[in-house]
Amino acid sequence: MIYVTRPSLPPFEEFIEILRDIWNSRWLTNDGPYHKMFEKALGEYLGVKYVSLFANGTLALVTALQALRITGEVITTPYSFVATTHALHWNGITPVFCDIEPNYCNMDPEKIEALITPRTTAILPVHVYGNPCDVDRIQEIADRYGLKVIYDACHAFGVKINGESILNYGDLSILSFHATKVFTTFEGGAVVCHDEKMKKRIDFLKNFGFADEVTVVGPGINAKMNEFQAALGLLQLKYVDEVVRNRRRIWDIYQQRLSNIEGVRLIKRNEAVSHTPQYFPIFIERGIFGRSRDEVYDALRKHGIYPRRYFYPLISQFPPYRGLPSASPANLPVAERVTKEVLCLPLYSDLPEESVEFVCEVIQRMQK
Ligand SMILES: *Cc1c(COP(=O)(O)O)cnc(C)c1O
């Protein structure tokens, strides 16, 4: 069986040592020593000023929206993991879906302005597959209309553009360290911000709003990362560069083996971007390839290969959202097409090269 992903973990013995330390200290959560160490080390590794650690990426998203006091309507993308839109819903915010562009599957900045109303307060784009959004254009629009920008950067751990962390764009960026991500702390997440005051507010909010023992500054939540997650994160930082190197090597093999199959479209490489590949997406153009995406999906499964259709269905098609005016397929023509073509192929650090070759072979043989 070849699954779409498999978590990378450090040597077990190293984690056991840390577990013993946590056991002896009896400090299990609430800004403990490992939390402090990991938060600092992570910020340095990523090249960002302020990081707040979270129990998971979804709570980080929910809290980020609270931190900026976002209300009303937020322009977002239907082409993402469902948690992006759920985070708006949990804040009582109406999502307004914006179509994507076909090259990177990110929000199409040219379609944002037409969706702005007097109720719009923010834009929530996603760096899909870790490919940076058009951050300059999005910021320009946000500045003109006085909107906040929150990036769902859950696919973009360690991604840099012209040597600068992609997490330094927008007002806030959100990371996930879920087991399926490039960098994992079992479950986990973070909010990246650019000033101390904001970090303080986020840290209060993730701990019930407590500013000190007797002061509650707002209706916070419990979204803290615990010591076990933080300890794993600290260890993972020692190995993440190796993991990323391995992932890039596999990415290159796919790129080379699949780039000349007619009807299999790949994502264009952006030379300004340093990637930490989360998935290897391909787009099956049925009219040219002669088979549909789902035929390829089924054939791979028959061979014990389990790709995933990220992102299918579109978030705009799920029951809580499909009644919204912006969820209508007529508003989202590119996303509606891409969601029927996409297939994310297995990609993880210790995926054997033979398996990559085998996946490519099965796809090649499918062509009609
Ligand atoms: C994984 C992911 C999330 C949710 O993160 P969790 O840590 O699983 O809560 C949100 N958005 C995107 C784009 C993701 O890939």
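Report on the accompanying structure. Everything numeric in this text was worked out from a predicted model, so none of it was measured.

## Some remarks on the overall build of the chain
A count of helical and extended segments in the chain gives 11 helices and 17 strands. Since a compact globule built from 368 residues should have a radius of gyration of about 21 Å, the 21 Å found for the chain is in line with a globular shape. Here the C-alpha coordinates of the chain stretch approximately 70 × 55 × 40 Å along the principal axes. Taking all 368 residues of the chain together, the buried fraction comes to 55%.

## Topic: the state of the cysteines
One pass over the full model with this rule turns up 0 disulfides. With no disulfide partner, Cys105 has as its closest neighbouring cysteine sulfur the one in Cys344, 8.9 Å distant. Take Cys360: it sits in no disulfide, and the sulfur closest to it among the cysteines is that of Cys344, at 14 Å.

## Looking at the sheet that holds strand 8 (residues 164-165)
Read from one edge of the open sheet, 3 strands run 8-7-14, paired in antiparallel fashion. At either end of the open sheet lies a strand with only one pairing partner, and these are strand 8 and strand 14 (273-274). As paired elements, strand 7 (residues 160-161) and strand 14 share 2 bridges and run antiparallel to each other. When the bridges of strand 14 are listed, Ile161 appears paired with Val273.

## Overview of the site of the ligand
Around the ligand, 14 residues are found, and the nearest of them are Gly57, Thr58, Asp152, Ser176 and Lys181. Side-chain polar atom of Ser176 to an oxygen atom of the ligand: 2.7 Å apart, as the coordinates give it. In the environment of the ligand, an oxygen atom lies 3.2 Å from a nitrogen or oxygen atom belonging to the side chain of Lys181. Its free accessible area being 380 Å², the ligand has 93% of it covered by the protein chains. Elements with a minimum of two residues in the shell around the ligand: helix 3 (57-67) and helix 4 (83-89). When its residues are assigned to classes, the shell around the ligand shows 3 nonpolar, 9 polar and 2 charged.

## Notes on the sheet that holds strand 3 (residues 73-76)
The strand order across the open sheet built from 7 strands is 2-10-9-6-5-3-4, with neighbouring strands paired in mixed fashion. Only two strands of the sheet have a single partner each, and these edge strands are strand 2 (50-54) and strand 4 (94-97). When the angles between neighbouring strand axes are averaged without regard to direction, this sheet yields 25°. Taken together, the 4 bridges between strand 3 and strand 4 define a ladder with parallel strand orientation. Directly across from Thr76, in strand 4, lies its bridge partner Phe97. Against the sheet, helix 5 (residues 135-145) makes contact with strand 5 (120-124) and strand 6 (148-152), and its axis sits at roughly 150° relative to strand 6, the strand it touches most. Across the sheet, helix 6 (residues 196-205) is in contact with strand 2, strand 9 (172-176) and strand 10 (189-193); its angle to strand 2 comes to roughly 10°.

Calculation criteria
Residues numbered from 1 in each chain as written. Predicted model: local features only at pLDDT ≥ 70, side-chain atom pairs only at ≥ 80, totals over all residues. Heavy atoms only, no water. Helix = DSSP H or I, 4+ residues; strand = E, 2+ residues; numbered from the N terminus. Rg over C-alpha atoms; globule rule 2.2 N^0.38 Å. Buried < 20%, exposed > 50% of the residue type's maximum accessible area, 1.4 Å probe, protein only. Disulfide = S-S within 2.5 Å. Pairing = 2+ DSSP bridges. Near = heavy atom within 4 Å. Polar contact = N/O pair within 3.5 Å; in protein donor to acceptor, adjacent residues only side chain to side chain. Areas by Shrake-Rupley, 256 points an atom, 1.4 Å probe, with all protein chains shown as cover. Nonpolar A, V, L, I, M, F, W, Y, C, P; charged D, E, K, R; others polar. Axes fitted to C-alpha atoms, helices over the stretch in contact; angles between N-to-C directions. Contact = heavy atoms within 4.5 Å.

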